[in-house]
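Topology and contacts: notes
Now for the letters of each chain:
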Amino acid sequence: MTRSTGAVCRRAALLAAALLLTAPLAAGEAPRAAPNFTLDTMGGGEMSLADLTGQVVMINFWATWCGPCRQEMPQLEALFQRYKDLGFTILGVNVEEDASGAGRFLGATPVSFPILLDPKSEVSERYQVVAMPSTVIVDRAGNVRFVHHGYEPGYESEYQTQIRALLRE
């Protein structure tokens, strides 16, 4: 299987898995440390998750070929604008091998939170991303507290409830 064929197969599997419902951590499941990573940013430079310790961080894995990802992006921007001054940030992790499509999409649908590039899907594999988009919410101590697979309109209400709860901790 060639690299491009493997990527197409992986994309098809991710699109099929995106039909899954939101799946936060099971009740009573202990938080686990979020794997640290350092990625290049869309604007140049690098960013590490460890640099954001002390903030509530939403990590959103996305791609331009994913319709729900494109639909969700303006909702994420609204959440970022609403809570950024309270110790909350979003890292949009684009998983495409070529970031040019992401650049074009973000030109038409701009966001002000950082966009990171994971062209080899190394970080998404460490986070066991099984659907696009996948969203991981990390608490101020660096622990994974909520995991969501896929997106449907209205999920942002649940995100907001979870973000508020973590900001109060």
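To be clear, the structure that these remarks concern was listed above.
For the structure given in this document, a descriptive report is provided here. Predicted model only: the values in this text are computed from it and were never measured.

The rules behind these values
Residues numbered from 1 in each chain as written. Predicted model: local features only at pLDDT ≥ 70, side-chain atom pairs only at ≥ 80, totals over all residues. Heavy atoms only, no water. Helix = DSSP H or I, 4+ residues; strand = E, 2+ residues; numbered from the N terminus. Buried < 20%, exposed > 50% of the residue type's maximum accessible area, 1.4 Å probe, protein only. Contact = heavy atoms within 4.5 Å. Areas by Shrake-Rupley, 256 points an atom, 1.4 Å probe, with all protein chains shown as cover. Disulfide = S-S within 2.5 Å. Salt bridge = Lys/Arg side-chain N within 4 Å of Asp/Glu carboxyl O. Arc of directions from axis to C-beta.

**Quick word on the overall build of the protein**
For the protein, the count of helices and strands is five helices and eight strands. From first element to last, N terminus to C terminus, the protein shows the α and β order α-β-β-β-β-α-β-α-β-α-β-β-α. When each of the 169 residues of the protein is scored for burial, the buried share is 47%. Taking the intrachain contacts of the protein between residues at least 6 apart in sequence as the baseline, contacts between residues at least 24 apart amount to 73%. Summing over all exposed atoms, the protein offers an accessible surface of approximately 8100 Å²; the carbon and sulfur share of this is 54%.

**Quick word on the state of the cysteines**
All told, the structure shown has one disulfide when counted by the stated rule. The disulfide partner of Cys66 is Cys69, and the S-S distance across this bridge is 2.4 Å. Across the S-S bond of Cys66 and Cys69 the torsion is about 85°, and the bridge reads as right-handed. Here Cys66 falls in the buried class, since its relative accessible area comes to 0%. According to the relative accessible area criterion, Cys69 is buried, its value standing at 1%.

**Considering the pattern of salt bridges**
Pairs can form between side chains of opposite charge once their charged atoms are near each other. Evaluated as defined, the whole model comprises two salt bridges. Between Asp139 and Arg145 there is a salt bridge, and its shortest N-O distance comes to 3.0 Å. Its relative accessible area of 7% is what places Asp139 among the buried residues. A cluster of three or more residues bridged by salt bridges with shared partners is formed by Asp139, Arg145 and Glu169.

**Let's talk about unusual backbone geometry**
Residues Met132 and Pro133 are joined by a peptide bond in cis, for which omega reads -10°. Relative to the helices and strands, Pro133 resides in the loop between helix H4 (122-126) and strand S7 (134-138). For Ser121, which is not a glycine, the phi torsion comes out positive at approximately 55°. A relative accessible area of 4% places Ser121 in the buried class. One non-glycine residue, Gln128, lies in the positive phi region at around 55°.

**So, helix H3 (residues 100-108)**
Taken together, the buried positions of H3 are Gly101, Ala102, Phe105 and Leu106. For H3, the buried positions fall inside an angular range of 130° around the axis, keeping them on one side. Residues of H3 that are exposed and point more than 90 degrees away from the buried face comprise Arg104, Gly107 and Ala108. Where the residues of H3 are buried, they touch strand S4 (56-62), helix H2 (67-83), strand S5 (88-94) and strand S6 (115-117).

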